[in-house]
Amino acid sequence: MIVREIKSDELNELLFLYTHLHESGVPEDSEHMKRTWEIICSDENHHIIVCEADGKLVSSCVCVIIPNLTRNIRPYAFVENVVTHADHRGKGYATACLNYAKDLAVKAGCYKMMLLTGSKSAGTLSFYKKAGYNCTDKTAFIQWL
């Protein structure tokens, strides 16, 4: 198992992995897609972490470090798009990605990490609790646009 940040030429592998998250298919290759990928790759605060096993991307998460003017001007981290290929779940790959994200947040001086999930599955919620997240300190609200 290798945990690292994604390489710019691995977009297609990542998009396929996202079909195990909530996407119904891989989006069409478009100029908008290319521009978005370029923006992500050039943003030093936007980290796409991947876990590679047997030469394939099997798990990933996104960690964005957000500059902040409160808490002694310390940033915070937001984790999103945690996914593991269905054939590779339960092997510690997503945990390794989350640990890598935590290391990035600590190195950046973040005072907290936040993660949202749409899952109501007891197994998924237990997984996040074991990874160190809690669901009691804050209340999350979402407004879909």
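Since we're looking at a predicted model, the values are computed, not measured.

Cut-offs and rules
Residues numbered from 1 in each chain as written. Predicted model: local features only at pLDDT ≥ 70, side-chain atom pairs only at ≥ 80, totals over all residues. Heavy atoms only, no water. Helix = DSSP H or I, 4+ residues; strand = E, 2+ residues; numbered from the N terminus. Buried < 20%, exposed > 50% of the residue type's maximum accessible area, 1.4 Å probe, protein only. Polar contact = N/O pair within 3.5 Å; in protein donor to acceptor, adjacent residues only side chain to side chain. Core = buried A, V, L, I, M, F, W, Y, C linked by side-chain atoms within 4.5 Å. Contact = heavy atoms within 4.5 Å. Salt bridge = Lys/Arg side-chain N within 4 Å of Asp/Glu carboxyl O.

Colleague: Please give an account of the side chain of Thr84 that cites residues and values.
Modeller: In this structure, Thr84 sits in strand E4 (residues 76-84). In this structure Thr84 comes out as buried when scored by relative accessible area, which is 10%. Side-chain polar atoms of Thr84 contact the side chain of Ser59, separated by 2.8 Å.

Colleague: Please provide a residue-by-residue account of the nonpolar core, values included.
Modeller: Grouped together as the largest cluster of nonpolar side chains are 21 residues, with contacts concentrated most on Ile49, Cys61, Val79, Val82, Leu98 and Leu115. Contributing elements (two or more residues each) for this core: strand E2 (46-53), strand E3 (56-66), E4 and helix H3 (93-107). Top contributing element to this core by residue count: H3, with seven residues. Once residues lying within four places of it in the same chain are set aside, the contact partners of Leu98 are Cys61, Val79, Val82, Leu115, Phe127, Tyr128, Ala131 and Tyr133.

Colleague: How would you explain the pattern of salt bridges if you had to name every residue and give the values?
Modeller: This structure, assessed with the given rule, holds three salt bridges. Across the pair Glu10 and Arg4 runs a salt bridge, and its minimum N-O distance is 2.6 Å. Taken as a pair, Glu10 and Arg4 share a single burial class, namely buried. We note a salt bridge from Glu52 to Arg4, for which the minimum N-O separation is 2.8 Å. Remark: Arg4 occurs in strand E1 (residues 2-5) and Glu52 occurs in strand E2; sequence separation between them is 48 residues. Here the two residues Glu52 and Arg4 agree in accessibility, since each one is buried.

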